[in-house]
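Spelled out, the chains give:
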Amino acid sequence: MRAVAIAICLVLVCAVTVFAAGQEPVKIGVMYALSGPLGVLGTDQAKVSKIAADQINKEGGILGRPVELLIRDDEASPSTAARVARKLVLEDKVNFIVGANGSPAGMSVAEVASRFKTLYLSAGGAMTELMTGKNCNRYTFRINHSGAQFYRADATYVASTFPDVKTVAGINPDYSYGHEMWDGFTSELKKKKPDVQVVPGVFVPMAEKDYTNYIASVVDKKPDLVYSVLWSGSGVAFVKQAKPYGMFDKSRFFLAAAALTTAMTTLGNDMVRMWGSEPEDWQMDNPMNKRMVTDWMKESGGKPPHAYMGHSYATLFILKQVIERVKSFDTEKIIAGLEGGTFDTPWGKMTIRKGDHQAMGKIFIGEAMPNPKYQFWTLSNPKVIPAEDVSLPMSETGCVMK
Amino acid sequence: MILIQFLNGLSTAMLLFLLASGLTLIFGVLRVINFAHGSLYMLGAYFTYSVAVFSGSYWVSLLAAPVFVACAAGLIERFFLRRLYVREHEFQLLLLYSFVLIIDDATKAFWGTSIRMVPKPAALTGSIEILGRAFPTYTLLIIGLGPLVALALFLALNGTKIGRQVVAASLDREAASAVGLNVPFLYSVVFVFGAWLSGVGGAVVAPLRGASPGMGMEIIIMSFAVVIVGGLGSIWGAFLGALLLGEVLAFGTLIVPNLIVLLPYAIMILIFLVRPQGLLGRGGG
C-alpha cells in the first residue's frame, strides 16, 4: 500500500515537472525610466506593459507559454541602459527586450541587441537617426514613431491649417532630439510656405526646470506660432511659467510629438489654448484600444493613458501576434515575420517597414479643448495622418541593414 | 524686455538667497556644510503640495510646509548631527549626504516620481503690465520676499538676544560656551532656522516649477556657488552673490545661451582665484 502511495506521488511529481516545462514562461525584459525626470513617463509605460502581460496570460499566453516581464529602470541614461540590457540578455536570459525611454538609452539597447542577436522592440526613443536611420540594425525594430514622421506631419498640418502664420519661433530641449525636431520642422515648413519667417530657436538644458529666463526673448519676437517638443514634465512646467508672461495670448502654441496629453491631463486650471501632435488617441473607437484604456483607467483612477503608453502596450501584443503567426520563438523567424508584417494595434492595423524596421503608425494632430465628460482637456476631433504619408522615403533614411 | 529680464533675474536671485542664506548661516555658526539643504528645499515643495491639496489653500501651505521642514531638520540635528560635531568634518558630510539619499528615496516612495503641480493662489495667478509687457504677479511676490527675509535676518541677528548669542557663538564657540551660553541649543536653533528658510524656498517655488524628484540637487549646486561667491558665512555676501548670479543667469540666457550652463561656475572659479574668501567673506578664513 505504502509503495503504491509513493509511486503515485512520484508520478504526480513527474507529471507536474513535465507540465511546468511545457509552460516555461517567455521572458521579456521591459526597460523604462522609472526614476529621474522621465520617470513620469516610464513608470506608467511599465504599468501598462504589466496590464498587457496580464491580458495576454489570461488568454493563454503566447503559443501556450505564459509571459513573464522583467521590469528594469534604464534611468533614460545610455550607460545604465547598456548595463541593464546586457544583464537582461546574459544573466536573466530574456527572449526579448522592449521599451527604453529617450533615444540615447534606446540606442544603447539597440547596440546590445545587435551584438547578442536578441530581438529589441523600441517603444520610446524617437530620434530619427538612431535605431531606424543610419544606425539601424537587424535585431532592432521601432514600434513608436521616428522624429521625422512627427515633424513632417506637424509642418504639413501647420502649413495647411494656419495660412496666416508668418513668424515661427521655437523653444526646445537642448539635446540632439530637440535640435533635430526644430531643424526638421522649420525646414519642412519653409518648403511648404517659403515666405515664413523663422526666429532662431531657443534651447533649454534638459535638466532645467526654470524657464523664466528663456520666455521673454520668445515673447518679444511676437511669433504667430511657437513650436515645442518639451515633453512630459518639462512641457507642463514651461506652459505654467510662460502663461503669465502673455505668451499664449498672442501666439499659437504647438506642443508636438507626444507631449500634449501629459500637458492636458496635468495642467488643470493652467491649461491654455494649444495644438499638438500625438502618437495615439486614447478616445479612439477600437476594441483593443478600449480594452487597454478601461483596464488602465481602473488602475490610474480615471487618468487617461498618455504619450507612448499605447505603444508600450501594443509592443507586447505585436510580439504575441508575430510569434503565433510564425509559430516559433526563433529570433530569425520572428524577424522575418515582423519585416513588412501588419499587426493589430490600439490605433488599427499597422505595418512595419521592411527596409528600416520602422513602424508606420498614425499621427493625431489637432487642438486641445475642454471636454465636458472629463475634468481635463482632450484632443478635439484630430486630423489623422498615416505615417506612410510623412515618413522619410527609404532612400533618405541612410539605413543599411546589418 | 531688458526690464522684464532684469526682474526675472531678481526673482531667481531671491529664491537662491532663501537657500543660500540658510546655508551660509549654518556654516557660519556650526561650521557644517549642509549638503542636505537642497533635499530640505525639495521636501518643502512636496509638503506644500500635500498641505495645499489637503487644505485647499496655498497660503496655509506656505505657512505650514516650512514649519514641517524645520521639524524634520530638528530631528536630524537632535538625533544624528549633534553626535558628530566633535568628529571630523568628513563624518558630518557623509551623514548629511546619506540624508540626501534617504530624503530623495523617501519622497519618491511617498509622492511618486511624477511632477506635482501646486496651483498658484487665486489672487496671484494673473499678470500685471510693465511697460507694455505682461509680468506674472506671483513672481513679484518672490522678488519682494527676498529683501524682506534679508532685513528680518539682519534684525534678528543684531536686535535680539538670541541673535546676538548666535553671532557670538559663530565668532568663537569656546569663548561663548565659557561665558555661559548654551551653545548646543544655539546650534539647534540655527540649523532648524536655516532649514525653515529652505522650506520657504521650496514652498515659494512649488507653484512655479512644481515639486519633482531631483529638484534639490539642481538648486543645491547653484546655492553653493552663491555662498562661495558671496563669502562663506556672510548673510549680506549671500544676498550679493544671489543678486549677481541671478542676473548673470538672466542676461546670460539672452546674450550667450550656449554658455549658460557654464557661466555661473566660471564666475565661481574666478572668485576663487582673485578673492578666495568671497565678495564679503572675512579674510584669512
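## A closer look at the interface of chain B and chain A
In many reports, interface size means the accessible area that the parts give up when they come together. With 31 residues of chain B at the contact, the number on the chain A side is 28 residues. Contributing elements (two or more residues each) for the side of chain B that touches chain A: α1 (2–30), β2 (133–136), α8 (183–209), α9 (215–230) and α10 (235–255) of chain B. Tallying contributions element by element places α1 of chain B first for the side of chain B that touches chain A, with 5 residues. For the side of chain B that touches chain A, the residue count by class is 16 nonpolar, 12 polar and 3 charged.

## Some words on unusual backbone geometry
All names here are of chain A. Even without being glycine, Glu75 reaches a positive phi, approximately 55°. In this structure, Glu75 sits in the loop between β2 (67–73) and α3 (78–90). Non-glycine residue His357 carries a positive phi angle of around 65°. Here His357 shows up in the loop between β13 (348–352) and β14 (359–360).

## Some remarks on the packing of α1 of chain B against helix α5 (residues 137–159) of chain B
For any two helices packed against each other, the geometry comes down to the angle between their axes and how far apart the axes lie. Residues and elements named next belong to chain B. Interhelical geometry of α1 versus α5 gives an angle of 40° and a closest axis separation of 8 Å. By the angle between their directions, the pair α1 and α5 is classed as oblique. Viewed along their axes, α1 and α5 form a crossing whose handedness is left-handed. Residues Leu7, Leu10, Ser11, Ala13, Met14, Leu15, Phe17, Leu18 and Ser21 of α1 pack against Thr139, Ile142, Ile143, Leu145, Gly146, Val149, Ala150 and Leu153 of α5. Looking at the contact of α1 with α5 residue by residue, the class counts come to 13 nonpolar, 4 polar and no charged.

## Some thoughts on the confidence of the model for chain A
Residues and elements named next belong to chain A. Per-residue pLDDT for chain A averages 88, and the proportion of residues at 70 or more is 94%. Within chain A, strand β9 (residues 225–228) carries the highest mean pLDDT (95), whereas helix α1 (residues 2–22) carries the lowest (52). With pLDDT under 50 throughout, residues 16–21 is counted as low confidence; its partners more than four residues away or in other chains account for 0 contacts.

## Observations concerning the pairing of strand β16 (residues 377–386) of chain A
Residues and elements named next belong to chain A. As judged from the 8 bridges shared by strand β15 (residues 362–370) and β16, these two strands associate in the antiparallel manner. The residue of β16 that forms the bridge with Ala368 is Leu379. Here β15 folds back onto β16 in antiparallel fashion, the turn holding 6 residues.

## Focus on the sheet that holds strand β12 (residues 342–345) of chain A
Residue and element names in this part refer to chain A. Overall, antiparallel pairing links the 3 strands, which are arranged β12-β13-β14 in an open sheet. In this open sheet, the two edge strands, each paired with only one partner strand, are β12 and β14. The pairing of β12 with β13 spans 4 bridges and is antiparallel. In the strand pairing of β13, Thr345 is matched with Gly348.

Criteria and cut-off values
- Along every chain, residues carry numbers that run from 1 in the direction the sequence is written.
- Just so you know, chain letters begin at A and ligand numbers begin at 1, following the order they were written in.
- For a predicted model such as this one, the threshold for reporting local features is a pLDDT of at least 70, and the threshold for listing and counting side-chain atom pairs is 80 or more; totals across whole chains, interfaces and linings nevertheless cover every residue.
- Here, residues touch in the contact sense if the C-beta positions derived from the backbone fall within 7 Å of one another.
- Helical segments are the DSSP runs of H or I of at least four residues, strand segments are the runs of E of at least two, and each set is numbered from the N terminus.
- Under this grouping Gly is polar, as are all residues other than the nonpolar Ala, Val, Leu, Ile, Met, Phe, Trp, Tyr, Cys and Pro and the charged Asp, Glu, Lys and Arg.
- To obtain an axis, a line is fitted to C-alpha atoms, over the contacting stretch when the element is a helix, and the angle between two such axes runs from 0 to 180 degrees between their N-to-C directions.
- Working rule for angles: under 35 degrees goes down as roughly parallel, over 145 as roughly antiparallel, 65 to 115 as roughly perpendicular, anything else as oblique.
- The handedness criterion is simple: a crossing whose near helix is rotated anticlockwise from the far helix by less than a right angle is left-handed, and one whose near helix is rotated clockwise is right-handed.
- A score between 0 and 100, pLDDT records how confident the predictor is in each residue.
- Paired strands, as defined in this entry, are two strands with at least two bridges between them according to DSSP.

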